[in-house]
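A look at the structure
Next come the chains, spelled out residue by residue.
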Amino acid sequence: MNNKIEVREFSFYYGAFQALKNLYLDIRENAITALIGPSGCGKSTFLRCLNRMNDTIRGTRAEGQVFFDGRDIYAPAVDVVELRQHIGMVFQRPNPFPQSIYDNVAFGPRVVGMAARRSELDRLVQESLEGAALWDEVKHRLRDSALDLNPGQQQRLCIARTIAVKPKVILMDEPCSALDPVATLSVEDLMRRLAQEYTIVIVTHNMQQAARASHYTGFFWLGELVEFNTTENLFSAPKAPLTEAYITGRRG
Amino acid sequence: MAVVQKSSQIDAPTDATSQTNWGEWFIEGVIKVAGISSIVIIGLIFLFLLREGLPAFLDIPLRQLFGTRWYPIEDAFGMAPLLAGSLIVTVGAVVIALPLGLTTAIYMGEIAPPWQREILKPIIEVLAGIPSIVLGFLGWIALAPLIQRLGAPTGLTAFTGSLILAYMSLPTIISIAEDALYAVPKEYRGGALAIGATQWQSIWRVVLPAARPGLVIAVMLGIGRAIGETMAVMMVTGNAANIPSLGSGIFFQPVRTMTATIAAEMGEVAQGSLHYSTLFAIGIVLFVISFAINWLAGRLVGMKGMRRSRRGGML
């Protein structure tokens, strides 16, 4: 399998505080990569570096390279807006816009000018909602407010909104932390299906979720990537003592 | 004070716990009286207006009351010129203040770096505190000659009034609109950017629609400020109670607003005369208009799909 994203010598600062320290990491194409670690270890910061969402925070600075399909996304000529069409993001708390279900999904295609005709847009919205396993639940009420959905449906709507612009990579920042167990499992099922088409990076503090749902796992500790391996190996035979201590619940 | 004690006595027997807590009981009474008294006062104002103004509605046929001639000396009390004056001045003010106010709010809330916001915000609050008579004076001395030079027969026109009023309603519009934008959860902006929207697309398609109820209130309060203003307008609009002639020059002729009419003529009328009650009738019409604006604002805010989402940000 190819590397979709390659991270080299990457460091990140909030003002004077170094949040990420000299990271090397490869994200495989069409796989689910989980990032685990205790709160404040930098895993979410790292995720937000992959589509440069941290650019919106003042006083931050990045060093090193992140190659996406071989191109450094931190190179000066990179169009950040276009980059984010290719590397989408799903947030910790479901954040549907206070608009109709249809308009939420159609938002991306509209702003990037993907669907010129109404019929194309309709098809794209349907495909995206089907892709997010939400179509059957909402097809009769596309004009209803997205805020009327339950949290699990809202999160799947946010996933539908993200895949509507046909990204290559989907970043998920603890997408299930606001969901109940049933909704969590449905999002995990969805992730496995999406992995056939997309590359997925998920941050989670739930180790069972990482073990259940991912192919690769990286363990972060205090801004460093302590260990990176296939999920199976990392959980069954961790190499670093710190990793073992964390996944068995003795540290963290 | 006597009222407070009276209400306390009424409450005491019905609420056993309050007997053990006199402080609580007292504060509750004070708050209750304050709350009810504001309602009572509004009611009394309206009753008083009705009492003084109703004779005009009864004694003057409606067609005449809303007719086109306002010559109190000849007993011609047609409000139409005054209504038209208020309308023209207010519409002009809104047309000027609305885009300026909203764009300023968007700039302050969404685009400006924090240090610029720190400077802009207090300045705008100071603007709100300038007495209207000072602005009227400025308009008279500085603005009117300028407008005359533009080719108007006189500098004291509806447009001059609109400019001053726009300036006066800007602080209201800006600060309320900015609060409305600030209340939009950060997650919406992040969500829009993360799909590949530009900052402007995120503002235009997500933030502004989400802030719409607050923005509507900002505009409505701005209009309310404009339509009720008296002093500044009286000084700069020329005070001619004529129906303005339609056409491109409509904003560049002297007009007289309802408020200015009341202020200018109230001192000279005999109490109880027809002229006197007609001035109160104008007050009633103003009252009704401001109620209508409030009602409209409520309707616009409560419209379908405008429900506010759960608030509260992460991080």
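Report follows, based on the coordinates. (Residues numbered from 1 in each chain as written. Chains lettered and ligands numbered in written order. Predicted model: local features only at pLDDT ≥ 70, side-chain atom pairs only at ≥ 80, totals over all residues. Heavy atoms only, no water.)

Section: the side chain of B:T259
Residue and element names in this part refer to chain B. Mapped onto the elements, T259 comes out in helix α13 (residues 258–265). Accessibility expressed as a relative area gives 8% for T259, which makes it buried. Of note is the side chain of T259, whose polar atom sits 3.1 Å from the side chain of T257. Among residues more than four places away in sequence, those in contact with T259 are I227, G228, E229, T230 and L286. (Helix = DSSP H or I, 4+ residues; strand = E, 2+ residues; numbered from the N terminus. Buried < 20%, exposed > 50% of the residue type's maximum accessible area, 1.4 Å probe, protein only. Polar contact = N/O pair within 3.5 Å; in protein donor to acceptor, adjacent residues only side chain to side chain. Contact = heavy atoms within 4.5 Å.)

Overview of the sheet that holds strand β4 (residues 60–68) of chain A
Residues and elements named next belong to chain A. Taken in spatial order, the four strands make up an open sheet running β2-β1-β4-β5, and their pairing is antiparallel. Where the open sheet ends on each side, the last strands, each with one partner, are β2 (17–28) and β5 (71–72). Strands in contact with helix α1 (residues 43–50) are β1 (3–14), β2 and β4; relative to β1, the strand with the most contacts, it is inclined by about 120°. (Pairing = 2+ DSSP bridges. Axes fitted to C-alpha atoms, helices over the stretch in contact; angles between N-to-C directions.)

Let's talk about unusual backbone geometry
A positive phi angle is found at A:N30, which is not glycine, with a value near 50°. Note that A:N30 resides in the loop between β2 and β3 (32–36). For A:N30, a relative accessible area of 32% puts it in the partly exposed group. Here B:D75, not a glycine, exhibits a phi torsion of approximately 60°, which is positive.

With respect to the pattern of salt bridges
Two side chains with opposite charge may pair up if their charged atoms get near one another. Residues and elements named next belong to chain A. If you walk through the whole model with that rule in mind, you get 20 salt bridges over all chains. Note that R8 is salt-bridged to D26, the shortest N-O span being 3.1 Å. Of the two residues, R8 is situated in strand β1 and D26 in strand β2; the sequence distance between them amounts to 18 residues. Judged by relative accessible area, which is 21%, D26 ranks as partly exposed. The partner of D103 in a salt bridge is R110, and the shortest N-O contact between them spans 3.0 Å. When salt bridges that share partners are traced, they join K4, E29 and D69 into one network. (Salt bridge = Lys/Arg side-chain N within 4 Å of Asp/Glu carboxyl O.)

Things to note about the sheet that holds β3(A)
Residue and element names in this part refer to chain A. A sheet is described by the order of its strands in space; here six strands give the open sequence β6-β7-β8-β3-β9-β10, paired in mixed fashion. The strands lining the two open edges of the sheet, one partner per strand, are β6 (87–90) and β10 (224–230). Here the strands of the sheet are splayed against their neighbours by 20° on average, with no regard to which way each runs. Sheet topology note: the β3/strand β8 (residues 199–203) ladder contains four bridges and is parallel. Its bridge partner lying in β8, I32 is registered against I200. In the packing of helix α6 (residues 151–163) onto the sheet, the strands contacted are β6 and β7 (169–173), and the crossing angle to β6 comes to about 170°.

So, the interface of chain B and chain A
A common way to report how large an interface is uses the accessible area buried once the components associate. Across the boundary between the two partners, chain B contributes 27 residues, which contact 30 residues of chain A. When chain B packs against chain A, close to 2,300 Å² is buried across both sides, 61% of that on carbon and sulfur atoms. Between chain B and chain A we count three residue pairs in polar contact (both at pLDDT 80 or more) in total. Taken together, the elements giving at least two residues each to the side of chain B that touches chain A come down to α9 (186–195) and α10 (199–210) of chain B. Per-element accounting of the side of chain B that touches chain A gives the leading share, eight residues, to α9(B). Its residues assigned to classes, the side of chain B that touches chain A shows 14 nonpolar, eight polar and five charged. (Buried area = accessible area lost by both parts, 1.4 Å probe. Nonpolar A, V, L, I, M, F, W, Y, C, P; charged D, E, K, R; others polar.)

A look at the packing of aromatic side chains
All names here are of chain B. The tally for this structure, following the rule as stated, stands at 16 aromatic pairs over all chains. Between the aromatic rings of F46 and F287, the centroid separation amounts to 5.0 Å while the plane-to-plane angle is 25°, which identifies the pairing as stacked. Of this pair, F46 sits in helix α3 (residues 22–59) while F287 sits in helix α14 (residues 274–301), placing them 241 residues apart in sequence. For F46, a relative accessible area of 28% corresponds to the partly exposed category. By relative accessible area, F287 is classed as buried at 17%. (Phe/Tyr/Trp six-rings, centres within 6.5 Å; stacked < 30°, edge-to-face > 60°.)

Remarks on the pairing of β3(A)
Residues and elements named next belong to chain A. Most of β3 is tucked away, with five of its five residues classed as buried. Of the two faces of β3, the one lined by I32, A34 and I36 and the one lined by T33 and L35 are each fully buried. Across four bridges, β3 lies against strand β9 (residues 216–221) in parallel orientation. Paired with L35 across the bridge in β9 is G218.

Considering helix α8 (residues 158–182) of chain B
Residue and element names in this part refer to chain B. Taking 1.5 Å of rise per residue, 25 residues should cover 36 Å, and α8 covers 35 Å from first to last C-alpha, within 8% of that figure. The largest bend in α8 is about 35°, located at S169, with the proline P171 one to four residues further on. Burial runs high along α8: 18 of the 25 residues are buried. (Expected span 1.5 Å × (residues − 1). Bend = angle between axes of the 7 residues up to and from the residue.)

Here we look at α6(A)
Residue and element names in this part refer to chain A. Compared with an ideal rise of 1.5 Å per residue, which puts 13 residues at 18 Å, α6 spans 18 Å between its outermost C-alpha atoms and is within 8% of the ideal. Extensive coverage of α6 is indicated by the burial of twelve of its 13 residues. Looking at α6, one finds that the buried residues are G152, Q153, Q154, Q155, R156, L157, C158, I159, A160, R161, T162 and I163. With a side-chain oxygen lying 3.0 Å from the backbone nitrogen of G152, the N-terminal cap of α6 falls on N150.

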